[in-house]
Amino acid sequence: MKIGFIYPQTELRGDPVAVREIGLATEALGFDHLLAYDHVLGATHDREPALNGPYTENHPFHDPLVMFAYLAGITSRITLTTGVLILPQRQTALVARQAADVALLSGDRLRLGVGLGWNYVEYDALGQDFATRGKRVSEQVALLRELWSSPLVDFRGTFDRIDRAALNPRPAHPIPVWFGGFADVALRRAAKIADGFICADGAGDAAAQIGRLHELLAQEGRTREEFGVQMNMLKARTPEQVVETVLRWRDLGGSHAAFASMGQGFDTLAAHREHLERVADALRKADLLP
């Protein structure tokens, strides 16, 4: 079981010192990965159609790929995971370039989790179509992989056209692409084309999702061993709850888990870091962390 930490950026006020301190602590304490959420813009919810997501214009977010490029230079071991990057609101070729550089700069430590998002205001601001995001993401993943692997790309899709062009330099090894989401269509899409799936337990039912994923993988002729399943542990608050949830997730066949410090009233960087340390101690005592 590979255990990581969800970067608490909505509660750290955009503090650049926190990026450094949390990144270094995550690695020093023996965790496998640091996961970051993604939003380009926050927006007020008093509009039609209504916005019902958990974040507004008052919640700070760093761009995860920019943040990871910085962390690539000051860490040496942890995997840097987007959980998830809202891929369809972005230009595919630009994501390919940025992700390739993070992978190169970090020594192949990027895991690219992607999803569809819920904030149509962001899509509008970035010039992309919110209504077609589900159809677009599958094409984008195929194009990302071609850009990362081919010396010359001639691609004509429904949403993207690349006329005999290349990404250079390309990543040294394939970048794993994981999906996240809640609807059954997201699980089916992931079972077909993704390297793994990120479940958000608390926002959804991770136990039900992993069971369904195992069914879908079998239908696609894929094995559980070749497909990772992560639980973002949003309900596990105390160190003891994190340990219990990790054990339960391992028994269900999960491969990765990440815990959060957000939403617990921690109002300083020191408080978030102390929680990180307490959880590390509890996991180590349970022989779940090296």
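Structural data are supplied above this passage.
Residues numbered from 1 in each chain as written. Predicted model: local features only at pLDDT ≥ 70, side-chain atom pairs only at ≥ 80, totals over all residues. Heavy atoms only, no water.

(A) How the structure looks around helix H2 (residues 64–74). Listed in full, the buried residues belonging to H2 are Pro64, Leu65, Met67, Phe68, Leu71 and Ala72. For H2, the arc enclosing every buried residue in end-on projection is 150 degrees, short of the 170-degree limit, so these residues lie on one face. Facing away from the buried surface of H2 by more than 90 degrees, the exposed residues are Val66 and Gly73. (Buried < 20%, exposed > 50% of the residue type's maximum accessible area, 1.4 Å probe, protein only. Helix = DSSP H or I, 4+ residues; strand = E, 2+ residues; numbered from the N terminus. Arc of directions from axis to C-beta.)

(B) Structural detail: the packing of aromatic side chains. Inspection of the entire model under this criterion finds five aromatic pairs. A ring pair is formed by tyrosine 123 and phenylalanine 130, whose centres lie 5.2 Å apart and whose planes are at 80 degrees; its orientation type is edge-to-face. By the ring-pair criterion, three or more aromatic residues cluster together here, those being Phe5, Phe31 and Phe259. The cationic tip of arginine 111 hangs over the ring face of tryptophan 178; the distance from NZ or CZ to the ring centre is 4.3 Å. Of note, arginine 133 hangs over the ring of phenylalanine 130, and the distance from its end group to the ring centre comes to 3.8 Å. (Phe/Tyr/Trp six-rings, centres within 6.5 Å; stacked < 30°, edge-to-face > 60°. Lys NZ or Arg CZ within 6 Å of the ring centre and 35° of its normal.)

(C) Up close: the environment of valine 66. Topologically, valine 66 is positioned in helix H2. Taking the C-alpha atoms as reference, valine 66 lies 9.6 Å from alanine 99; in sequence the two are 33 residues apart.

(D) Expanded view of the pattern of salt bridges. In this structure the tally under the stated criterion is 18 salt bridges. In this structure, arginine 161 engages aspartate 154 in a salt bridge whose closest nitrogen and oxygen atoms are separated by 2.6 Å. Its relative accessible area of 38% is what places arginine 161 among the partly exposed residues. Exposure remark for aspartate 154: the relative accessible area of 49% places this residue in the partly exposed category. Residues joined in a network through salt bridges with shared partners are Asp154, Arg161, Asp163 and Arg164. (Salt bridge = Lys/Arg side-chain N within 4 Å of Asp/Glu carboxyl O.)

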